[in-house]
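Reading the structure
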Amino acid sequence: MKNYVYNFGNGAADGDGTMKDVLGGKGAGLAEMSRAGITVPPGFTISTEVCNIFFESGNKVPDEINQQVLAALATLESRIGKQLGDPSNPLLLSVRSGAKFSMPGMMNTILNLGLNDETVEGLAQKTGNPRFAYDSYRRFIQMFGEVALGIDMAKFDHIFDSRKHKSKVKQDTDLTAEDLKAIITDYKKLVEKETKKPFPQDTHDQLAMSRDAVFRSWWNPKAAYYRKMEKIPDNIGTAATVQTMVFGNLGNTSATGVGFTRDPATGEKVFYGEFLINAQGEDVVAGIRTPEPLSDLEQIMPATYRQLRQITENLERHYRDMQDFEFTIEEGKLYMLQTRNGKRTGPAAVRVAVEMVSEGLIDKKEAVLRVQPQQLDQLLHPVFDGPSLKKLEHIATGIAASPGAAVGRVAFTAEEAVEMAPKGPVILVRKETTPDDIHGMDVSKGILTAVGGKSSHAAVVARGMGRPCIVGAGSISINERANLFTASVKGKTITVKQGDWISIDGASANVYLGKAVTNEPDPNSSYFGQLMHWADEFRGKFDVRANADIPRDADAARRFGAHGIGLCRTEHMFFAEDRLPYMRAMIMASDEKERRKALAKLLPMQRSDFAGLFKAMDGYPVVIRTLDPPLHEFLPKHEDLTLFPYMKGKEKKEVADRYKLSVGEFNKNRKAWLKRVDELHEFNPMLGHRGCRLGITYPEITEMQARAIFEAAVQCAKKKIKVIPEVMIPLVGSAEELENQKAIVIRVADEVLAKAGMKDLHYLVGTMIEIPRAAVTADQIAKQAEFFSFGTNDLTQTTMGLSRDDYTKFSPAYENLKIFKTDPFASIDQQGVGQLIEHAIKLGRGARHGLEIGICGEHGGDPSSVEFCYRVGMNYVSCSPYRVPIARLAGAQAAISGGDKTETMRTA
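A few points on the structure. This structure is a prediction, so every number in the text was calculated from the model and none was measured. (Residues numbered from 1 in each chain as written. Predicted model: local features only at pLDDT ≥ 70, side-chain atom pairs only at ≥ 80, totals over all residues. Heavy atoms only, no water.)

On to the overall build of the chain, then. When you go through the chain residue by residue, the secondary structure sums to 37 helices and 32 strands. On C-alpha atoms alone, the chain measures out to a radius of gyration of 32 Å, which is about the 29 Å that the 2.2 N^0.38 rule sets for 908 residues. Expressed as lengths along the three principal axes of its C-alpha atoms, the size of the chain is roughly 100 × 65 × 50 Å. Residues counted as buried form 57% of the 908 residues belonging to the chain. Taking all contacts inside the chain whose residues are at least 6 apart in sequence as the whole, residues at least 24 apart take part in 68%. Working note: accessible area of the chain is about 37,700 Å², and carbon and sulfur atoms make up 50% of it. Taking the average location of the 115 positive side-chain charges in the chain and that of its 115 negative ones, the two points are 4 Å from each other. (Helix = DSSP H or I, 4+ residues; strand = E, 2+ residues; numbered from the N terminus. Rg over C-alpha atoms; globule rule 2.2 N^0.38 Å. Buried < 20%, exposed > 50% of the residue type's maximum accessible area, 1.4 Å probe, protein only. Contact = heavy atoms within 4.5 Å. Areas by Shrake-Rupley, 256 points an atom, 1.4 Å probe, with all protein chains shown as cover. Lys, Arg positive; Asp, Glu negative; His and termini not counted. Charge placed at Lys NZ, Arg CZ, Asp CG, Glu CD.)

Our focus in this paragraph is the packing of aromatic side chains. The description of an aromatic ring pair rests on the distance of the ring centres and on the angle between the ring planes. A full pass over the atoms with the stated rule returns 21 aromatic pairs. A ring pair is formed by Phe-542 and Tyr-870, whose centres lie 5.3 Å apart and whose planes are at 85 degrees; its orientation type is edge-to-face. You can see Phe-542 sitting in the loop between helix H19 (526–539) and strand S25 (543–547) and its partner Tyr-870 sitting in helix H35 (residues 863–871), a full 328 residues away along the chain. A residue is classified by how much of its surface remains accessible, and Tyr-870, at 2% relative accessible area, is buried. Pairwise contacts between aromatic rings join Tyr-137, Phe-140, Phe-144 and Phe-199 into one cluster. Over the aromatic face of Trp-219 sits the side chain of Arg-227, whose NZ or CZ is 4.7 Å from the ring centroid. (Phe/Tyr/Trp six-rings, centres within 6.5 Å; stacked < 30°, edge-to-face > 60°. Lys NZ or Arg CZ within 6 Å of the ring centre and 35° of its normal.)

Roughly 770 Å³ of internal volume is contained in the second largest pocket. Forming the walls of the second largest pocket are 29 residues, and the residues nearest its centre are Asp-628, Arg-690, Asp-794, Gln-797 and Arg-804. Every element with two or more residues in the lining of the second largest pocket is listed here: strand S26 (565–569), helix H21 (570–574) and helix H32 (792–800). Broken down by element, the lining of the second largest pocket gets its largest block of residues, four residues, from H32. Split by residue class, the lining of the second largest pocket holds nine nonpolar, nine polar and 11 charged. (1 Å grid on protein atoms, 1.4 Å probe; cavity = no way out; pocket = protein on both sides within 12 Å on 5 of 7 lines; lining within 4 Å. Points joined across faces, edges and corners; volume = space filled by probe spheres on them. Nonpolar A, V, L, I, M, F, W, Y, C, P; charged D, E, K, R; others polar.)

This part takes up the pairing of strand S8 (residues 272–277). Within S8, six of the six residues are buried, which leaves the element mostly enclosed by the surrounding structure. On S8, burial covers both faces: Tyr-272, Glu-274 and Leu-276 on one face and Gly-273, Phe-275 and Ile-277 on the other are all buried. Direction of pairing for strand S7 (residues 255–260) relative to S8: antiparallel, over a ladder of six bridges. Counterpart to Gly-257 in the pairing with S8 is Phe-275. Bridging between S8 and strand S9 (residues 292–293) involves two bridges; their strand directions are antiparallel. Residue pairing in the sheet places Phe-275 in a bridge with Glu-292 of S9. (Pairing = 2+ DSSP bridges.)

Let's shift gears to the nonpolar core. Among the nonpolar cores identified, the biggest contains 132 residues, and Phe-610, Phe-614, Phe-790 and Met-874 are the most heavily contacted of them. The residues touching Phe-614, leaving out its near neighbours within four places in the chain, are Val-622, Ile-624, Ile-709, Ala-712, Ala-713, Cys-716, Ile-721, Val-723 and Pro-725. Val-169, Leu-190, Met-420 and Ala-462 belong to the second-largest nonpolar core, a separate cluster that totals 83 residues. (Core = buried A, V, L, I, M, F, W, Y, C linked by side-chain atoms within 4.5 Å.)

Turning our attention to a nonpolar patch on the surface. On the surface, a nonpolar cluster with roughly 370 Å² of combined accessible area is contributed by Phe-810, Tyr-814, Leu-817 and Ile-819. Secondary-structure assignment places Phe-810 in the loop between H32 and helix H33 (811–816). (Patch = residues over 30% accessible without salt bridge, like charges linked within 9 Å, V, L, I, M, F, W, Y side chains within 5 Å. Salt bridge = Lys/Arg side-chain N within 4 Å of Asp/Glu carboxyl O.)

Moving on to the side chain of Ser-878. Take Ser-878: it is sitting in strand S32 (residues 876–879). Among the polar contacts made by the side chain of Ser-878, one reaches the main-chain carbonyl oxygen of Ala-546 at a distance of 3.3 Å. A distance of 3.4 Å separates the side chain of Ser-878 from the backbone nitrogen of Gly-566, its partner in a polar contact. Ser-878 has contacts with Arg-545, Ala-546, Asn-547, Gly-566, Leu-567, Ile-855, Cys-856, Gly-857 and Gly-860, leaving out every residue within four places of it along the chain. (Polar contact = N/O pair within 3.5 Å; in protein donor to acceptor, adjacent residues only side chain to side chain.)

Moving on, we get to empty space enclosed by the protein. The final tally for this structure, using the stated rule, is four cavities of 30 Å³ or more. Counted as a void, the largest cavity has a volume near 100 Å³. The set of elements that each furnish at least two residues to the lining of the largest cavity consists of strand S4 (93–99) and strand S6 (238–244). The residue makeup of the lining of the largest cavity, split by class, is six nonpolar, eight polar and one charged. Taken as a whole, the second largest cavity spans an internal volume of roughly 70 Å³. Taken together, 12 residues make up the lining of the second largest cavity; nearest its centre are Phe-260, Asp-324, Gly-342, Lys-343 and Val-460. Within the residue set of the lining of the second largest cavity, elements represented by two or more residues are strand S11 (333–341) and helix H18 (457–465). With three residues, H18 is the largest single contributor of residues to the lining of the second largest cavity.

Here we come to helix H22 (residues 580–588). Considered for burial, the residues of H22 that qualify are Leu-580, Met-583, Arg-584, Met-586 and Ile-587. With its buried residues spanning 155 degrees around the axis, H22 presents them on a single face. Considering only its buried residues, H22 is in contact with H21, helix H23 (592–616), helix H26 (663–680) and helix H28 (699–718). (Arc of directions from axis to C-beta.)

Along the chain, Thr-792 turns up in helix H32. Classification of Thr-792 as buried rests on a relative accessible area of 0%. Side-chain polar atoms of Thr-792 contact the side chain of His-859, separated by 2.7 Å. When residues no more than four places from it in sequence are discounted, the contact partners of Thr-792 are Ile-828, Ile-837, Ile-855, Cys-856 and His-859.

This paragraph deals with the packing of helix H5 (residues 130–147) against helix H8 (residues 203–216). Between H5 and H8, the least distance of the axes is 10 Å, while the angle of their chain directions is 50 degrees. Classified by the angle their axes make, H5 and H8 are oblique. Here the hand of the crossing between H5 and H8 comes out left-handed. When H5 is examined against H8, the residues Phe-140, Phe-144 and Val-147 are found in contact with a partner set consisting of Gln-206, Met-209, Ser-210, Ala-213 and Arg-216. Taken together, the residues of the contact of H5 with H8 sort by class into five nonpolar, two polar and one charged. (Axes fitted to C-alpha atoms, helices over the stretch in contact; angles between N-to-C directions. Parallel < 35°, antiparallel > 145°, perpendicular 65-115°, else oblique. Left-handed = near helix turned anticlockwise from the far one by under 90°.)

In this section: the packing of H22 against H23. A pair of packed helices can be characterised by two numbers: the angle between their axes and the separation between those axes. Where H22 contacts H23, the axes come no closer than 8 Å and their chain directions differ by 155 degrees. Between H22 and H23, the crossing angle belongs to the class labelled roughly antiparallel. As for the relative orientation of H22 and H23, their crossing is left-handed in sense. Packed against H22, whose contacting residues are Tyr-582, Met-583, Ala-585 and Met-586, the element H23 presents Arg-595, Ala-598, Leu-599, Lys-601, Leu-602 and Met-605 at the interface.

This structure, assessed with the given rule, holds 48 salt bridges. One salt bridge connects Glu-359 with Lys-269, and the closest N-O pair in it is separated by 3.6 Å. Of this pair, Glu-359 sits in the loop between helix H13 (346–358) and helix H14 (364–370) while Lys-269 is found in the loop between S7 and S8, placing the two residues 90 residues apart along the sequence. A relative accessible area of 32% means that Glu-359 is categorised as partly exposed. A salt bridge links Arg-596 to Glu-703, with the nearest nitrogen and oxygen atoms 3.2 Å apart. Residue Arg-596 is located in helix H23, and its partner Glu-703 is located in helix H28; the two are separated by 107 residues in the primary sequence. With a relative accessible area of 15%, Glu-703 lands in the buried category. If you follow the salt bridges from partner to partner, you end up with Arg-262, Lys-269, Glu-316, Arg-351, Glu-355 and Glu-359 in one network.

So, about helix H20 (residues 551–559). Taken together, the buried positions of H20 are occupied by Ala-554, Ala-556 and Ala-557. Within H20, the buried residues cover an arc of 160 degrees as seen down the axis, which keeps them to one side. Two residues or fewer after H20 comes Gly-561, characterised by a positive phi angle close to 95 degrees.

Laid out in C-alpha cells, this is it:
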C-alpha cells in the first residue's frame, strides 16, 4: 500500500526538506532538521494527500490510512518510552497543520493532547508539579473545545478571566493549581452544555478528532480567504504533523519562543525574535502576553542562547534563506519545533536577497527570483512627511511590527473595516487580532493592536500583506463596545472614536491623532537599485513602459525605470478645467467651421502637454492614443441637466461645482447641453460612437491631435531632445478604418515636418487591438499598422461579454465557485483572451516582419500577465508608473524561467 505517514526524530526521518508537496513546509522542515541531527521532538507527519482523501471520503480518513497512523504512533511510543493514555507516564502530543506554502495562523493546532482526568494526575505526580499539569490540561480542553468541538473561545475566556478576577490576580502565571482545577471543572461543564456530551476521555479518540479538525481547517473561511489573497491553490491540502510535546511552562527554567535569522521587517542581519518564560507556544504568537526580545535570553540562559544561535545560523546556511523558527526550552534543554523560510516585508525581501549575494549564499539570478514582484509595491508608496507630524499629537507608541505609513479612519472590528473601506482608508484597531480578522486586515491600510509582540498574529500577517502595523501599544485602552479607545498623554486622556482619523508609522511604532502628510518614497535606495539593476540585466530586450497622461506622471515613470510611455490617453487632458470649455464648445458646434474654431483653442494646450511628455522621455518612445471616449462624457450627465431646475440652492451648487462651473453658467447652458446629450445618447456607448469612429466622422479632431503631436516633436527636437512619437488609433476593427486615420496622421506629419526641415524624424502609426475582430484580422490590419498595442481592458470586455463596471455584482459568486480562477480584469484570462492575443501576434508578425507589439492597461503591471506577455513574444508591457518596478522584476523572472526561446519571437 502507498505510504501516507512519515516518521521523524532521533536523528532520522522518512522524508526530507525537498518534500514540501507531501509533508507540507512544517513536516519537511522537521524531517530535514532530524536528518541534520538537530534535537527535534519526535513524531510523524500525515501527508497532504490524506487531507484531500479526507474530503473526498466524506470527512473521514479511510481505515487503511488509520492503520498507518496507529503504526506510526506505536513506533513513537516505543522511541519515547511512553504511551498515549498511560495514567502513570502519559505521552502527550501536539497536532499541527502545515501546507506547502506558509499560511500563518490560518489553520488549526492542538497542544497537550492525551490529557484526561486520569493522565493529568499521572503527569502531576511524574513531574512533581501539579500546577504545570493542571495548566496543561485546561489549555488542552480550551484548544480542543474550540478547534475540534466548535465552541466559541470567548466562552472559555469568560470562565478564565472570571477566575482571575475572583482570585485577584493579573497574570495567568499567578493562578494556583487549585485555581486551575476549578477552571477545568467549569470548562468541562461548558463542553457538556455545548455538545450534550462529556469531554472526550479516550486519548485515541482525541487524536483522531484533532487530526480531522486540522484537515477541516483547510476549508475554514479565513484559510480559504488567505489562499485566495495569496493565490495559493485550493487543491494542495495541508499535512497534519503529530509531535511529542515538550513543555515551556514547567517553571522558570523553561521557555518558548519564535524567531528569525534576520529582521523580517527590515531584512537587517540581526538575531530577531521573542520568548516567554514559563509559557507555551500559543502564548507568544497569540499575543496573550507581551513577550521579551530574544536578545534578553542571553542573560537568562546564556548556554542555551548560544546553542540556539548556532543552530539557527546553520539552518540559514543550509537552506540559503532567512529562517523562521520556533523553539521550546524544557528545564534547560533546547528543542527545535519548526524551521521554514520566513515571511518578510517587501523592503526586507529586497535587502535579504541583495545581502545574501554579497555573502556568497546565492547568486544574482536566484536573488532576482527570490523577491515576489508584488512585494515591491511596499517600497513604492508614500512615507510620512516629518514636519507635518509635528503638527499632530503623538498619542501612543507600540512595537514596530511592519514598516510603512498609513493614514485612515479608525475601525474596531473586521466587519466595520470592510463596511467602511469603500468610503475611504481605514486603520483597524484591535486589542489583538485573530485569524478571523483576516478580511478586515485585508481591506485596511494599517493595523494597530494594544497587545502582542513582533511575532503575534497581527505582526506576521501584516508583514505578509505589506500593511503598516504597530502591536503592543499598551498605553491605549480599547473599549470595543463603545467603539472607542483612550490614550493618556501628558496627564490628560484623549478619546478616539470610530471614524476618527489617525496616522500610524510602522517603522517608528508611533501613533498620531489626525491626518499626516505623506511624501513619495525613494525608488533608488541602494538595495532596491541593485536588485533592479540585476533584474534589468536578465530581462534583456523585453521592455517596460508606463501609462502616463501628464508630465508629472511621466517624470515619476522615469524615476521608476520606465523606458517610454506605452499609453497616453489624450482625453484626460481635455478634462482639465482650462480645456473643458473648449472641448464642450467643439461638441456643441453645429458645423465643421465651428468645430475647427474650438479645436484651434485646444491645439496649443495639447502641443504643450505632448512636449512635456517628450521631454520627460528623452530618447524613449511615447505612444499617444487619439481621442477615444464618446463625446457625451465631456458634457454634464443627463439626470443632472434634467433635475437641475427642481433642485434647491445647495444642491444646485454641488452639481455646478462637480462640473467646475458656477450655478449661473450651468443654468445658462443647461437646455442646449440637454438637447445635445439627447442627440448623443447611445444604448451602449462602449460599443458606440467612439475611438477611430470619432476620427472618421470628425476628421478635424484627428487632424488637430496629429498637428499637436508633431509640432511638439519639432519643438523638442530643436532643443536637442530625442523624440520618438508613436501615434495609436483606438478601437480599430478593420484595416480600412486604420487606413483612413493613418492617412490623416501622415498628411499632417509630412506637412509639419517638411515645414520644420525635419523630414527624417522617425515616427510610427499603429493601433490598439481591443476588439475581437481586430485580433482575428490582425494580418490585414498589420499591413497598415507599424505597431500593435493590446488594450486588454476592452479586449477582455468584448471577448468575454463582461462589463468591468458590472462584473463586480456577481464576481464573488464566480470566484468562489471557481468559474473564474482570478478576476479577468486583474489578470489576463490566458485560456480565452490570451488565445486571441497569441493568435493576433502570429497573424500580425506573419504579415509585417518585426512588428512592434506591446500591451497597455493595468494588466501590464500584473506579474502573471507580464509572464504571459513575455512568453507570447511581446516587445514590452506598459502599466501605471508605480507598478513599473513590479513589471521590470516580473519580466526578469519570466526571462530567467523562459530562457532565450522567446527572444527570437520578438524580432520575427
